[in-house]
Amino acid sequence: MAFVVEKEQRTTLSHRINAVGRPSSRDTVTWDYEGRAWLVERPDDGSPAVRRSVRCPVCEKALNYTVHSVAATRARRTRRWAWAVSGFVAAAVALPGHLVLSGGPLRLAIALAVTAAGVVVGYLSAYVAARETGFTGHGAGWPVVPKHLVALPHLDPSAPP
């Protein structure tokens, strides 16, 4: 589900409460966050990204985030999806290509390496693209469980256009 990206952005800045994931079901954990609403005005389209500072409501640490415009956020998301597709295409072509060309063990090793790299690049790029919010800093957008989380509202697929 995509995020709502607006010029005047409604966000939630949250602080991770637990240091270790809480088991929530088989092979999954849950991270608890506590936060508050944060209203941010994004820069105009075509303008460079700006630095915004906000204080964490839990630990009271001053956090600096780089905020990108609506158009820049969409462009960042598109670039990451392009990397994801490229990685998966490389993985999908490398191994079958080797089997068709029937090369030796060195070619097989290269094909396996390209396939593995393509899967890793494709998966991580897709993960980051799906989480792209246009905010960078303090782990925002990286495939980790950050101490501070900037959350955007999700698009409601049942809402009328």
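So, here's what we can say about the structure. Owing to the predicted nature of the structure, the values given are computational and were not obtained by experimental measurement.

1. Topic: the nonpolar core
- Grouped together as the largest cluster of nonpolar side chains are 14 residues, with contacts concentrated most on Leu13, Trp38, Val54, Leu63, Tyr65, Phe135 and Val150.
- Among the elements of the structure, β4 (33–41) and β6 (62–67) are those that each provide at least two residues to this core.
- At 3 residues, the largest contribution of residues to this core is made by β6.
- In contact with Trp38, not counting residues within four places along its chain, are Gln9, Arg10, Thr11, Leu13, Arg52, Val54, Tyr65, Phe135 and Val150.

2. Digging into the pattern of salt bridges
- Enumeration over the complete set of coordinates arrives at 5 salt bridges.
- Between Arg10 and Glu6 there is a salt bridge, with its nearest N and O atoms 3.6 Å apart.
- On the basis of relative accessible area, Arg10 is assigned to the partly exposed category, the value being 47%.
- The class for Glu6 is partly exposed, based on a relative accessible area of 26%.
- Here Glu132 ties to Arg80 by a salt bridge, and the two come within 3.6 Å at their closest N and O atoms.

3. With respect to the environment of Leu106
- Topologically, Leu106 is positioned in helix α2 (residues 105–130).
- Between the alpha carbons of Leu106 and Ala151 there is a distance of 46 Å; along the sequence they are 45 residues apart.

4. Remarks on the environment of Arg55
- Take Arg55: it is sitting in strand β5 (residues 50–55).
- For Arg55 and Pro153, which are 98 residues apart along the polypeptide, the C-alpha to C-alpha distance reads 20 Å.
- With residues up to four places along the chain from it excluded, the contact list for Arg55 reads Leu13, Arg36, Glu60, Lys61 and Ala62.

Basis of the calculations
Residues numbered from 1 in each chain as written. Predicted model: local features only at pLDDT ≥ 70, side-chain atom pairs only at ≥ 80, totals over all residues. Heavy atoms only, no water. Core = buried A, V, L, I, M, F, W, Y, C linked by side-chain atoms within 4.5 Å. Buried < 20%, exposed > 50% of the residue type's maximum accessible area, 1.4 Å probe, protein only. Helix = DSSP H or I, 4+ residues; strand = E, 2+ residues; numbered from the N terminus. Contact = heavy atoms within 4.5 Å. Salt bridge = Lys/Arg side-chain N within 4 Å of Asp/Glu carboxyl O.

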